[in-house]
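Secondary and tertiary structure notes
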Amino acid sequence: MATKRSLRLPITLAIVMAGLLGVLTVGWVLLAGYRATSDSGNPGFGWTFLALGTSFIGLLLAGVVMYMILTIKAINLGTRQSNFIDSVTHEL
């Protein structure tokens, strides 16, 4: 009988990655916002930099969440398949 995989590692990994991305997003917004307001030469560049960077970090965060969802689904599917094989072989 195959050992069953725990969901603890993928969930913990995804939560840690999402938390780090959240901290990175807040730091990015604060740093880019400060640069945009303090840079007197070309303030439009700072705001464009802020908008692009924030949207890219948001996409990364969405990717981490999708990774977590797909990993949990894959582990659950593997568990169901293993249970099915165990049931069929038991009946035979």
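See above for the structure.
On a predicted model such as this, the values are computed, not experimentally measured, just so you know.

Before going further, it helps to spend a moment on the overall build of the protein chain. When you go through the protein chain residue by residue, the secondary structure sums to two helices and zero strands. The 92 residues of the protein chain split such that 15% are buried. For the protein chain, restricting intrachain contacts to residue pairs at least 6 apart in sequence, the fraction spanning at least 24 positions comes to 71%.

Taken together, the side chains of Val65, Met66, Ile69 and Leu70 present a nonpolar region at the surface, about 340 Å² in accessible area. By secondary structure assignment, the location of Leu70 is in helix α2 (residues 43-91). A relative accessible area of 51% means that Leu70 is categorised as exposed.

You can see Thr71 is positioned in helix α2. One polar contact links the side chain of Thr71 to the main-chain carbonyl oxygen of Tyr67, over a distance of 2.8 Å.

Procedures and definitions
Residues numbered from 1 in each chain as written. Predicted model: local features only at pLDDT ≥ 70, side-chain atom pairs only at ≥ 80, totals over all residues. Heavy atoms only, no water. Helix = DSSP H or I, 4+ residues; strand = E, 2+ residues; numbered from the N terminus. Buried < 20%, exposed > 50% of the residue type's maximum accessible area, 1.4 Å probe, protein only. Contact = heavy atoms within 4.5 Å. Patch = residues over 30% accessible without salt bridge, like charges linked within 9 Å, V, L, I, M, F, W, Y side chains within 5 Å. Areas by Shrake-Rupley, 256 points an atom, 1.4 Å probe, with all protein chains shown as cover. Salt bridge = Lys/Arg side-chain N within 4 Å of Asp/Glu carboxyl O. Polar contact = N/O pair within 3.5 Å; in protein donor to acceptor, adjacent residues only side chain to side chain.

By themselves these figures say nothing about function.
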